[in-house]
Amino acid sequence: MDIFLMKPKIDFAFKEIMEDEKARVGFLSAVMGLNPKDIKETRILNTNLSKKHGDDKQGILDVHLLMNDNLEINIEIQLAELKVWADRSLFYLAKMFTDQISPGDSYRVFKKCVSISILDFKLFDKAEGFYSRFHIREDTCGFLYTDKMEFHVIELPKLPLGISEGSPEIELWAKFINAERKEEFDMLAERNPYIESAYERLQIISQDSGKRMEYEAREKAIRDYNEGLLEAEARGEARGEKRGEKRGEQRVNKLITLLLRDGRYEDLKQSAEDTGFQHQLMKEYDI
């Protein structure tokens, strides 16, 4: 019998994996290009962003971390395609940034804020690689405006196939997050001790009946949400087709009225048999 293993890209499972400090250190060092020894401490923070006004959007972070007491990190996983993701992640990061200051505080209180997005869809058509990193820089010379904001994006569908000897750490982690079969997890765990720790945590939570119920509820919620989007899209397309058909009938009826008005009976007869000629007449009458 196959052993049940949660999919790390389901946010519930990923959050549980990040409860393991060694896994957190390994993941962060791989994404941010740091030596794991330079990460002295990682602490999980509250995932609810404060609402300063009644009409504010309530931001919910997948994983909100404080690293070395001077850097805040927001890690989010998004499975359904969302083309406005860049704006959304900017909103969350800006809100996380401004939540650091209180009335009377100096601007010196601000810690660097980092956004890490793990996407199960392609966001950037211009980028062939699965990993992108962004800063706020001057357009001509390229120097930093500020280092207080940084964005990392991992696009899972762009991952290369297979695992080579020279695969970078971030690629191994992305493939771990994207993995679904035990063979994949085993292979990746052998390559990296931090991924091995994450895999051990994954195995523990996967066999916990309570956590499995929570995981399956979350997985169902994601499926239902995605199905709802598909059905809404289908309804929209159906309404659009009906509107198109109705508008097409209105244009034909208007053309018939105008041709009868102008006594163009032969053109009327030909337009009924030849749609190309009909479209030509519509252009002539600007319908």
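Going by the structure above, here's the rest.
In this convention, every chain numbers its residues from 1, walking through the sequence in written order. Where local features are concerned, this predicted model is filtered to residues with pLDDT of at least 70; where side-chain atom pairs are given and counted, the filter is 80 or more; whole-chain, interface and lining totals use all residues. To get the side-chain values, take all heavy atoms of the structure and skip hydrogens and water.

Engineer: Residues and numbers for the overall build of the chain, please.
Structural biologist: In terms of helices and strands, the chain carries 9 helices and 6 strands. Against the 2.2 N^0.38 benchmark of 19 Å for 287 residues, the chain shows a C-alpha radius of gyration of 27 Å, more extended than a compact globule. For the C-alpha atoms alone, the extent of the chain along its principal axes is close to 90 × 60 × 40 Å. Surface accessibility follows the Shrake-Rupley procedure with a 1.4 Å probe radius. Residue values consider only the protein chains on display as shielding. Accessible surface, the chain: about 17,300 Å² in total, of which carbon and sulfur atoms supply 50%. Under the convention used here, Asp and Glu are negative, Lys and Arg are positive, and both His and the chain ends fall outside the count. Where a charge lies is defined by one atom per residue type: Lys uses NZ, Arg uses CZ, Asp uses CG and Glu uses CD. Distance between charge centroids for the chain: 3 Å, based on 45 positive and 55 negative side chains. Put simply, DSSP marks the helices as runs of H or I at least four residues long and the strands as runs of E at least two long, and each gets a number from the N terminus on. Radius of gyration: C-alpha atoms only; globule rule: 2.2 Å multiplied by the number of residues to the exponent 0.38.

Engineer: Which residues make up the pattern of salt bridges, and what values go with them?
Structural biologist: We define a salt bridge as a side-chain nitrogen of Lys or Arg found within 4 Å of a carboxyl oxygen belonging to Asp or Glu. One pass over the structure, following the stated rule, counts 19 salt bridges. The partner of R133 in a salt bridge is E150, and the shortest N-O contact between them spans 3.3 Å. Of the two residues, R133 sits in strand 5 (residues 131-137) while E150 sits in strand 6 (residues 144-155), which places them 17 residues apart along the sequence. Buried means the residue's accessible area, taken with a 1.4 Å probe over protein chains only, is under 20% of the maximum for its type, while exposed means over 50%, and partly exposed covers the values in between. The exposure class of E150 is buried, given its relative accessible area of 1%. Among the salt bridges present, the one from R181 reaches E183, with a minimum N-O distance of 3.4 Å.

Engineer: Give a description of the packing of aromatic side chains that names residues and reports values.
Structural biologist: Only rings of Phe, Tyr and Trp enter the pairing, Trp through its six-membered ring, and a pair is recorded when the two centres are within 6.5 Å. The plane angle decides the type: under 30 degrees is stacked, over 60 is edge-to-face, the rest tilted. Enumeration over the complete set of coordinates arrives at 10 aromatic pairs. Considering the side-chain rings of F91 and Y92, the 5.4 Å spacing of their centres and the 55° angle between planes classify their relative orientation as tilted. Summarising the aromatic geometry, the rings of Y107 and F110 are spaced 6.2 Å apart at their centres and angled 15° between planes, so their arrangement reads as stacked. Judged by its relative accessible area of 67%, Y107 is exposed. Exposure remark for F110: the relative accessible area of 14% places this residue in the buried category. Three or more aromatic residues joined by ring pairs form one cluster here, namely F14, F27, W173, F176, F185 and Y199. Only lysine NZ and arginine CZ atoms are considered, and such an atom sits over a ring when it is within 6 Å of the ring centre and within 35 degrees of the ring normal. Lying over the aromatic face of Y194, K22 brings its terminal NZ or CZ to 5.8 Å of the ring centre. Positioned over the ring face of F4 is R212, at 3.8 Å from the centre of the ring.

Engineer: Please give an account of the side chain of K158 that cites residues and values.
Structural biologist: For K158, the position within the fold is in the loop between strand 6 and helix 4 (169-178). Any N or O atom pair separated by 3.5 Å or less is treated as a polar contact, with the protein-specific requirement of one donor-capable and one acceptor-capable atom, and with residues adjacent in sequence counted only for side-chain atom pairs. A distance of 2.6 Å separates a polar side-chain atom of K158 from the backbone oxygen of F124. Discounting chain neighbours no more than four positions away, the residues touching K158 are K122, F124, A127, E128, G129 and F130. Any pair of residues with heavy atoms lying within 4.5 Å of one another is described as a contacting pair.

Engineer: How would you summarise unusual backbone geometry if you had to cite specific residues and measurements?
Structural biologist: Glycine aside, negative phi is the norm for most residues, and most peptide bonds take the trans geometry. For D69, which is not glycine, the phi dihedral falls at a positive 65°. As for its placement among the helices and strands, D69 is situated in the loop between strand 2 (63-67) and strand 3 (71-78). With a phi angle near 55°, D286 is a residue other than glycine that sits in the positive phi range. Structurally, D286 is set in the segment after helix 9 (275-284).

Engineer: So, the pairing of strand 5: which residues are in play, and what are the values?
Structural biologist: Only when DSSP finds a minimum of two bridges between them are two strands counted as paired. One ladder, built from 6 bridges, connects strand 5 with strand 6; its direction is antiparallel. The partner of Y131 across the bridge, within strand 6, is I154. Remark: 6 residues form the turn of the hairpin made by strand 5 and strand 6, two consecutive strands paired antiparallel; G142 in that turn has positive phi of roughly 80°.

Engineer: Quick one: what's the story with the environment of I101, residue by residue and with numbers?
Structural biologist: Position of I101 relative to the elements: it lies in the loop between helix 3 (85-98) and strand 4 (112-119). In this structure, the C-alpha to C-alpha distance between I101 and R243, residues 142 residues apart in sequence, is 51 Å. Apart from residues no more than four positions distant in its own chain, I101 is found in contact with S106, Y107, V109 and F110.

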